[in-house]
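# Coordinate inspection notes
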Amino acid sequence: MEDIKKDVWLSIHSVQRFEGCEPEEVNMMTAARLYRKRGKYYITYDESEITGLEGTHTLLKIGDGSVSMTRTGTCPSEMLFLENQRHVGLYQTNFGAALTISTHTSKIINRITEDGGLLAIDYTIEVDQNLAGRHRFEMVISTKPME
């Protein structure tokens, strides 16, 4: 499999459910870069004010059964999603404080090819070992602009 690098379009839909609150939804479309290197896919894009992370650059590294998300810039963080596993990571808040958070990933759907595809992650987040919320992240990747 040869390496690739191409411009793509992302449609991102995220739902966050917190105890006692209405679900929070974010829908965003943005330009991105899709890479394939040594059999793994990488997606890079800039966050916007829609996500509350303006000034942040996101890198997704997608492998078999795993996705790592590294954010740099105004809100640096690292999160690792491994299907049916728990992972402890660090999250930098907008206020400069760092939180230790755990993700427990129940499901990863990876249908990404060099022509685009779908990435979906179902996971929970714990802060200080207390359940903070249930999340679904869904990304559609296209080589053509989406409406």
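Structural notes, computed from the coordinates. (Residues numbered from 1 in each chain as written. Predicted model: local features only at pLDDT ≥ 70, side-chain atom pairs only at ≥ 80, totals over all residues. Heavy atoms only, no water.)

## Structural notes on the pattern of salt bridges
As a reminder of what qualifies: Salt bridges are defined by distance alone: a side-chain nitrogen of Lys or Arg within 4 Å of a carboxyl oxygen of Asp or Glu. Here a helix means four or more residues in a row that DSSP labels H or I, a strand means two or more in a row labelled E, and each is numbered from the N terminus. Type-normalised accessible area, obtained with a 1.4 Å probe on protein chains alone, sets the label of each residue: buried when under 20%, exposed when over 50%, and partly exposed for intermediate values.
Counted according to the given criterion, the structure contains six salt bridges. With a shortest N-O distance of 3.2 Å, Glu47 and Arg71 are connected by a salt bridge. Placement of Glu47 in the loop between β3 (40-46) and β4 (56-63) and of Arg71 in strand β5 (residues 66-73) is noted, with a sequence separation of 24 residues between them. Look at Glu47 and you get buried, because its relative accessible area is 8%. The salt bridge partner of Glu138 is Arg136, with a shortest N-O separation of 3.0 Å. When salt bridges that share partners are traced, they join Asp122, Arg136 and Glu138 into one network.

## Some details on unusual backbone geometry
The general pattern is negative phi for most residues beyond glycine and trans for most peptide bonds. Phi is positive for Arg38, which is not a glycine, with a value near 50°. Relative to the elements of secondary structure, Arg38 occurs in the loop between β2 (24-37) and β3. Owing to a relative accessible area of 73%, Arg38 belongs among the exposed residues under this scheme. Even without glycine at this site, Asn84 takes up a positive phi of about 60°. With respect to the helices and strands, the residue Asn84 is situated in the loop between β6 (77-82) and β7 (85-92). Owing to a relative accessible area of 56%, Asn84 belongs among the exposed residues under this scheme.

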